[in-house]
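# Structural characterization, general
These are the residues of each chain, in order.
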Amino acid sequence: MSTQQGAQQGSELFSAIVAAPFGAIGIRTEDQRVRELVYLQPRFHEKDAQDAVAEQAAQQIERYLLDPDFRFELPLFEAGSAFQKRVWEAISAIPRGTVKTYGRIAKDIGSAPRAVGQACGANWFPLVIPCHRVTAAGGLGGFASSDDENGFHLSVKRWLLRHEGATASPWQQQAIWD
């Protein structure tokens with residue numbers, strides 16, 4: 001199976017696919033709510049929205065990609081444990097253009113940095129819950145349950161932080177833009 005055929009078959013999983021500067025964003029909907037947002041590699045092609053909620057999500061993602069100050073208002077599927085929801089609430093409070101470390105979030109909610117990192121990796125709604133704004137104390141950290149420094153997901157995290165104008169250390173001090 002060719003890569004393009006694989007991407008076309010994978011696109012069936014999504015109610016819409018929005019092109020992004022780093023690849024694409026897949027939107028899954030269920031019961032008139034957003035079920036999941038997924039960062040997709042560039043081999044995925046745009047897909048028109050299959051329902052009204054997917055259309056709403058696609059429009060809001062496109063607005064965010066043009067304006068990092070855009071604030072999402074989407075009906076989200078109920079997801080996550082009580083702990084994950086606490087982490088996601090703390091992440092959602094991080095202003096655009098700034099970052100917090102896993103350790104800082106952990107201290108704020110009375111937890112451990114590793115548990116915060118795991119909750120970030122379990123985020124069903126990236127962009128809406130901006131887990132890209134959470135970094136390690138000594139650098140960029142992981143993203144979308146990936147820590148491959150040269151991999152796709154960390155390149156997405158770098159793009160999102162640049163897009164939002166984040167300049168706070170410690171991550172800017174490292175060669176994370178490569």
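Our subject is the structure that appears above.
Conventions and cut-offs
Residues numbered from 1 in each chain as written. Predicted model: local features only at pLDDT ≥ 70, side-chain atom pairs only at ≥ 80, totals over all residues. Heavy atoms only, no water. Buried < 20%, exposed > 50% of the residue type's maximum accessible area, 1.4 Å probe, protein only. Helix = DSSP H or I, 4+ residues; strand = E, 2+ residues; numbered from the N terminus. Arc of directions from axis to C-beta. Contact = heavy atoms within 4.5 Å. Pairing = 2+ DSSP bridges.

So, about helix α5 (residues 113-121). Given 3.6 residues per turn, any residue in an α-helix points the same way as the ones three and four places further on. Along α5, the residues classified as buried are Val116, Ala119 and Cys120. One side of α5 carries all its buried residues, which in axial view fall inside an arc of 105 degrees. Along α5, the residues that are exposed and aim more than 90 degrees away from the buried face are Arg114 and Gln118. Residues of α5 that are buried in the fold lie against α3 (82-92), α4 (102-109) and β5 (134-135).

Considering the arrangement of structural elements, one finds Glu62 in helix α2 (residues 52-66). According to the relative accessible area criterion, Glu62 is partly exposed, its value standing at 38%. In this structure the C-alpha to C-alpha distance between Glu62 and Val18, which are 44 residues apart in sequence, comes to 7.4 Å.

Counting buried positions over the 8 residues of strand β2 (residues 23-30) gives 6, a clear majority of the element. Here strand β1 (residues 16-20) pairs with β2 via 5 bridges, running antiparallel. Bridge pairing in β2 places Ala20 opposite Gly23. Connecting the antiparallel pair β1 and β2 is a turn made up of 2 residues. Note: β2 against strand β3 (residues 33-40), 7 bridges, orientation antiparallel. Across the sheet, residue Ile25 finds its bridge partner in β3, namely Tyr39. Where β2 folds back on β3, the antiparallel hairpin that results is connected by 2 residues, among which Asp31 adopts a positive phi of roughly 50 degrees.

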